[in-house]
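# Structure at a glance
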Amino acid sequence: MQDGVVLTTLDDFLNWGRKNSLWPMTFGLACCAIEMMATGASKYDLERFGAGAFMATPRRSDVMIVAGTVTLKMATRVKTLYEQMAEPKYVISMGSCANKGGPYWQHGYHVLKGVDEVVPVDVYVPGCPPRPESLIEGVMTLQKKIANERLLRNKCVKHA
Amino acid sequence: MLNQLVELINKNVPGANATAFIPEDTAKLDGSVTVEAAKILDIATWLRSNTEMPFNALHVISAVDYVEYFEVCYMFAHYDVENPREVILKVKLTDRVDPRLDSIVSVYPAANFQEREAFDMMGVRFNNHPDPRRILCPDDWVGFPLRKDYVYPKMYNGMEVFPDSKMNFEDREFKARQDLINKAQKAASVDEVQ
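Quick notes on the rules
- Residues numbered from 1 in each chain as written.
- Chains lettered and ligands numbered in written order.
- Predicted model: local features only at pLDDT ≥ 70, side-chain atom pairs only at ≥ 80, totals over all residues.
- Heavy atoms only, no water.
- Contact = heavy atoms within 4.5 Å.
- Buried area = accessible area lost by both parts, 1.4 Å probe.
- Salt bridge = Lys/Arg side-chain N within 4 Å of Asp/Glu carboxyl O.
- Polar contact = N/O pair within 3.5 Å; in protein donor to acceptor, adjacent residues only side chain to side chain.
- Helix = DSSP H or I, 4+ residues; strand = E, 2+ residues; numbered from the N terminus.
- Nonpolar A, V, L, I, M, F, W, Y, C, P; charged D, E, K, R; others polar.
- Buried < 20%, exposed > 50% of the residue type's maximum accessible area, 1.4 Å probe, protein only.
- Pairing = 2+ DSSP bridges.
- Axes fitted to C-alpha atoms, helices over the stretch in contact; angles between N-to-C directions.

### Examining the interface of chain B and chain A
Accessible area lost during the coming together of the parts is what is often quoted as the interface size. Each partner contributes residues to the interface: chain B has 23 residues there, and chain A has 18 residues. A buried area of about 1700 Å², summed over both sides, lies between chain B and chain A, and 63% of it is on carbon and sulfur atoms. Taken together, the connections running from chain B to chain A amount to zero salt bridges. The interface formed by chain B and chain A includes three residue pairs in polar contact (both at pLDDT 80 or more). Sorting the residues of the side of chain B that touches chain A by element identifies β9 (159-160) and α4 (169-172) of chain B as the ones contributing at least two each. Of the residues belonging to the side of chain B that touches chain A, the class tally is 17 nonpolar, two polar and four charged.

Here it is, written out as structure tokens:
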């Protein structure tokens, strides 16, 4: 009982810290990146949600927003970038192309049919491209998901 | 202008065999000059260096697949305040297996990336090109995507290009969709009769 109370509090504390400082990676692949930039700019201001600090390296970022068409040539690079990120790491798949190939679905010989073929995706944001409001909702959904995480219980209480 | 250019090319470059295509309605179609493929480097050198009708810029090189043969189109332009001009030069390549052409990078440096793209997408090889690599596709890509007889790859680097679990071609086919609409309309009309 005592452990439970302490661990829950620590979980909430960690989750609160994590969800309110989600640093995305500076990583745009196609036209969705324009909307991502607009989301980060002053009008929509992603920094209100703590996710406005676009990091220039995967080592310092928590969330990868896959914004745009993932070509087969780029897919191996996306995978490498994801592997370079430090835990905990999250992926937002933004736009139809990253979700499922988009307009390149039927005849796109060079396009990966969804970035979830190479990296695990946490939140899918539909749209072609999604409006900044959609991306903000995607970020908020990810924050809700992080708020419900119980990483410590899975790791520690199991062996207690 | 095209007739004059054809005369000049035939006079100055032996064996160029230039012919002009002048459409009836110039608002709809552009005129062009067709020349011998083997002489393209000589012609480009002459176009750049002559004094009668020079062309100081290369706009674009594009390759077209006409199933029986390939056609490579060059667009040359002359940037001049008093007398600007533009011409489309076409060469025909009948060899489908290994189409080859002389590179004009030594004359027009702008041809470098354009020729690489023509090679990448259509498989036209350029002799004496300084950097004959692919430009858009990965280096280990198989085939030339814009050819009419291109076969889509199934796998690339261990990634499935068209995963069965995500594909549902039948729904997307126009005819299938049309059949669905017809069926629904028929059902609706039967309902009305009853």
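### Some details on the pattern of salt bridges
One pass over the structure, following the stated rule, counts eleven salt bridges over all chains. Linking Arg131(A) and Glu133(A) is a salt bridge whose minimum nitrogen-to-oxygen distance equals 3.1 Å. A relative accessible area of 47% means that Arg131(A) is categorised as partly exposed. Residue Glu133(A) is classed as partly exposed on the basis of its relative accessible area of 39%. Close ionic contact of Arg133(B) with Asp131(B) constitutes a salt bridge, the shortest N to O distance being 3.1 Å. Exposure remark for Arg133(B): the relative accessible area of 43% places this residue in the partly exposed category. You can call Asp131(B) partly exposed: its relative accessible area is 24%. A cluster of three or more residues bridged by salt bridges with shared partners is formed by Asp65(B), Arg96(B) and Asp149(B).

### A few points about the environment of Pro88(A)
All names here are of chain A. In this structure, Pro 88 sits in the loop between α3 (72-84) and β2 (90-94). In the structure, Pro 88 is positioned 15 residues away from Pro 103 in sequence and 32 Å away in space, judged by C-alpha atoms. Setting aside anything within four residues of it in sequence, one finds Pro 88 in contact with Arg 18 and Asp 62.

### Remarks on the sheet that holds strand β4 (residues 70-78) of chain B
Residue and element names in this part refer to chain B. Reading across from one edge, β1-β2-β5-β4-β3 is the order of the five strands in this open sheet, with mixed pairing throughout. For this open sheet the edge positions go to β1 (19-21) and β3 (57-65), each flanked by a neighbour on one side alone. Neighbour-to-neighbour, the strand axes of the sheet open up by a mean angle of 25 degrees, direction not taken into account. The sheet contact formed by β3 and β4 spans eight bridges and is antiparallel. The residue bridging Asp 65 from the neighbouring strand is Phe 70, located in β4. Its contacts with the sheet put helix α2 (residues 40-49) on β2 (32-35), β4 and β5 (85-93), and the angle it makes with β5 is roughly 170 degrees. Strands β3 and β4 of the sheet are contacted by helix α3 (residues 111-122), whose axis makes an angle of about 5 degrees with β3.

### With respect to the sheet that holds strand β3 (residues 123-125) of chain A
Residues and elements named next belong to chain A. Across the sheet, which stays open at both edges, the three strands sit in the order β1-β2-β3 with parallel pairing between neighbours. Bordering the open sheet on either side are β1 (63-67) and β3, each of which pairs with just one other strand. Across the sheet, the axes of successive neighbouring strands diverge by a mean angle of 20 degrees, strand direction being ignored. Here three bridges tie β2 to β3, and the two strands are oriented parallel to one another. The partner of Ser 93 across the bridge, within β3, is Tyr 124. Packed on one face of the sheet, helix α2 (residues 32-40) meets β1 and β2 and runs near 135 degrees to β1.

Read these as geometric descriptors, not functional statements.
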